[in-house]
Amino acid sequence: MKIATWNVNSLKVRQQHVTDWLETSQTDVLCLQELKLPDEKFPRAELEAKGYRSWFAGQKTYNGVGILVREGLVVDETSIVRNIPGFEDPQQRVIAATIEGVRIISAYFPNGQAPGTEKFAYKLRWLDALHDWISGELAQHPKLALLGDYNIAPEDRDVHDPKAWEGQNLVSPEERAQFVRLVELGLVDAFRKFEHPEKTFTWWDYRMLAFRRNAGLRIDHILLSNALAGSCTSCDVDRVPRKWDQPSDHAPVIAEIG
DNA sequence: ATGGCCTTAGTTTAAGGA
């Protein structure tokens, strides 16, 4: 089963990219972030026509997450969870579903703006809540995958210019400690199971010709429970859609499991 | 050089992203 994550920065603008990429990548389960549309505007029928069912938690203008599932895969309809249970939040950042017996979670972690700001404090609170929820989810679902835009570059090798970024949002010690705490629940960074060229990133700023200069960060991740990590045979970033016209600033990350 | 670009809302500039 091929599972993937992609922050599309507006599904309305990127709908054609998504359907084109699903076709070329042969992805079975695609987790989306930054839909930027309310549920009534979600292109459910159009995706269905392309062979994918969808579950989503949208909102106007900001955030919004979804999971697209290839026709024929078994989805437990009673398993759908939106948002982090017990964490009151109008921002739609999480949706979970059990697909073919695998707990799949699509998550859009808060950006955080900058250390010291209210948005950064919200990011840390959100990460605390996510940690505690995932801990319980792992107990119930040994086969679990947490996919999404983490808005955290876990290590300096995930940053094009670690000196320039030192201590800043997305790389700060507090955020990296939270990433480690998640991993310590019994999760594996699928990407790091395999060899990759140095400076493999998932996001590049629209400005400053950042993509052409490969001035990026690796902030989109697929974390697998130990039970799943053993059966993971690949995990790669697909930079190709970042070269298309009117691209998202993120590239999809795809892993093959089971 | 503290900006640069893109999306949304909505109508003209501002907020948010990362």
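Please read these numbers as outputs of a predicted model, since none were measured by experiment.

1. Remarks on the layout of surface pockets
Here the idea is plain: a probe the size of a water molecule rolls over the atoms and shows the empty space left.
And then number 1: What the largest pocket holds in volume is close to 700 Å³.
And then number 2: Along its surface, the largest pocket is lined by 28 residues, and Tyr108, Asn111, Gly112, Gln113 and Asn151 are the ones closest to its centre.
And then number 3: Class assignment of the residues belonging to the lining of the largest pocket gives a composition of nine nonpolar, eleven polar and eight charged.
And then number 4: Considered as a void within the structure, the second largest pocket measures approximately 220 Å³ in volume.
And then number 5: In terms of lining residues, the second largest pocket is bounded by 14 residues, among which Arg157, Arg192, Pro197, Glu198 and Lys199 are the most central.

2. Re the UniProt feature "site: Interaction with DNA substrate" (unreviewed entry) in chain A
And then number 1: As recorded in UniProt, the sites labelled "site: Interaction with DNA substrate" (unreviewed entry) are His250.
And then number 2: Note that histidine 250 resides in the loop between β13 (234-237) and β14 (253-256).
And then number 3: With a relative accessible area of 4%, histidine 250 lands in the buried category.
And then number 4: When sequence neighbours within four positions are dropped, the list of residues in contact with histidine 250 reads Trp6, Asn7, Asp149, Thr202, Trp203, Ile219 and Asp220.

3. Looking at the protein's contact with DNA strand B
And then number 1: What surrounds DNA strand B is a group of 22 residues, the closest being Ser10, Glu34, Asn111, Trp203 and Arg207.
And then number 2: Here DNA strand B approaches the protein such that, of its atoms within 4 Å, sugar and phosphate make up 66%.
And then number 3: One of the side-chain nitrogen or oxygen atoms of serine 10 is found 2.6 Å away from a phosphate oxygen of DNA strand B.
And then number 4: Separating a phosphate oxygen of DNA strand B from a side-chain N or O atom of glutamate 34 is a distance of 2.7 Å.
And then number 5: Tallied by class, the residues present in the surface near DNA strand B amount to eight nonpolar, eight polar and six charged.

4. Here's the deal with helix α5 (residues 173-183)
Each α-helix winds once per 3.6 residues, and so residues spaced three or four apart point in a common direction.
And then number 1: Turning to α5, its buried residues are Glu175, Arg176, Gln178, Phe179 and Leu182. Here the buried residues of α5 occupy an arc of 155° about the axis, which is enough to place them on one side.
And then number 2: Those residues of α5 hidden inside the fold are in contact with α3 (118-140), β8 (144-149), β9 (187-189) and β12 (220-225).

5. A short note on the side chain of histidine 141
And then number 1: Looking at the secondary structure, you find histidine 141 in the loop between α3 and β8.
And then number 2: Residue classification places histidine 141 among the buried residues on the basis of a relative accessible area of 19%.
And then number 3: Leaving out residues up to four positions away in the same chain, histidine 141 has contacts with Thr98 and Arg103.

6. What about unusual backbone geometry?
And then number 1: The phi dihedral of lysine 199 is positive, around 60°, even though this residue is not glycine.
And then number 2: Tracing the backbone shows lysine 199 in the loop between β9 and β10 (203-204).
And then number 3: Non-glycine residue asparagine 214 carries a positive phi angle of around 55°.
And then number 4: Structurally, asparagine 214 can be placed in the loop between β10 and β11 (216-217).
And then number 5: Classification of asparagine 214 as buried rests on a relative accessible area of 19%.

7. Topic: the sheet that holds strand β5 (residues 75-82)
And then number 1: Reading across the sheet, the six strands line up as β5-β6-β7-β8-β12-β9 and stay open at both edges, with mixed pairing between neighbours. Two strands bound the open sheet, and with one partner strand each, they are β5 and β9. Across the sheet, the mean angle from the axis of one strand to that of its neighbour is 20°, orientation sign disregarded.
And then number 2: Here strand β7 (residues 102-108) runs beside β8; their pairing, made up of six bridges, is parallel. Considered in β8, the bridge of arginine 103 is made with leucine 144.
And then number 3: Across the face of the sheet, α3 comes into contact with β5, β6 (94-99), β7, β8, β9 and β12 while running at roughly 175° to β7.
And then number 4: Those strands touched by α5 are β8, β9 and β12, and its axis lies near 30° from that of β12.

8. Structural notes on the UniProt feature "binding site: Mg(2+)" (unreviewed entry) in chain A
And then number 1: Cross-referencing UniProt, the feature "binding site: Mg(2+)" (unreviewed entry) maps to Asn7, Glu34, Asp149, Asn151, Asp249 and His250 in the present numbering. Separation in sequence by 244 residues is not matched in space for these annotated residues, since their most distant C-alpha atoms are only 12.8 Å apart. Residues from the annotated list that form part of the lining of the largest pocket: Asn7, Glu34, Asp149, Asn151, Asp249 and His250.
And then number 2: Along the chain, the position of asparagine 151 falls in the loop between β8 and α4 (162-165).
And then number 3: In this structure asparagine 151 comes out as buried when scored by relative accessible area, which is 5%.
And then number 4: The residues touching asparagine 151, leaving out its near neighbours within four places in the chain, are Tyr108, Phe109, Pro110, Asn111, Lys123, Leu170, Glu175 and Ile219.

The rules behind these values
- Residues numbered from 1 in each chain as written.
- Chains lettered and ligands numbered in written order.
- Predicted model: local features only at pLDDT ≥ 70, side-chain atom pairs only at ≥ 80, totals over all residues.
- Heavy atoms only, no water.
- 1 Å grid on protein atoms, 1.4 Å probe; cavity = no way out; pocket = protein on both sides within 12 Å on 5 of 7 lines; lining within 4 Å.
- Points joined across faces, edges and corners; volume = space filled by probe spheres on them.
- Nonpolar A, V, L, I, M, F, W, Y, C, P; charged D, E, K, R; others polar.
- UniProt positions renumbered as here; feature names shortened; annotations may be inferred.
- Helix = DSSP H or I, 4+ residues; strand = E, 2+ residues; numbered from the N terminus.
- Buried < 20%, exposed > 50% of the residue type's maximum accessible area, 1.4 Å probe, protein only.
- Contact = heavy atoms within 4.5 Å.
- Near = heavy atom within 4 Å.
- Polar contact = N/O pair within 3.5 Å; in protein donor to acceptor, adjacent residues only side chain to side chain.
- Arc of directions from axis to C-beta.
- Pairing = 2+ DSSP bridges.
- Axes fitted to C-alpha atoms, helices over the stretch in contact; angles between N-to-C directions.

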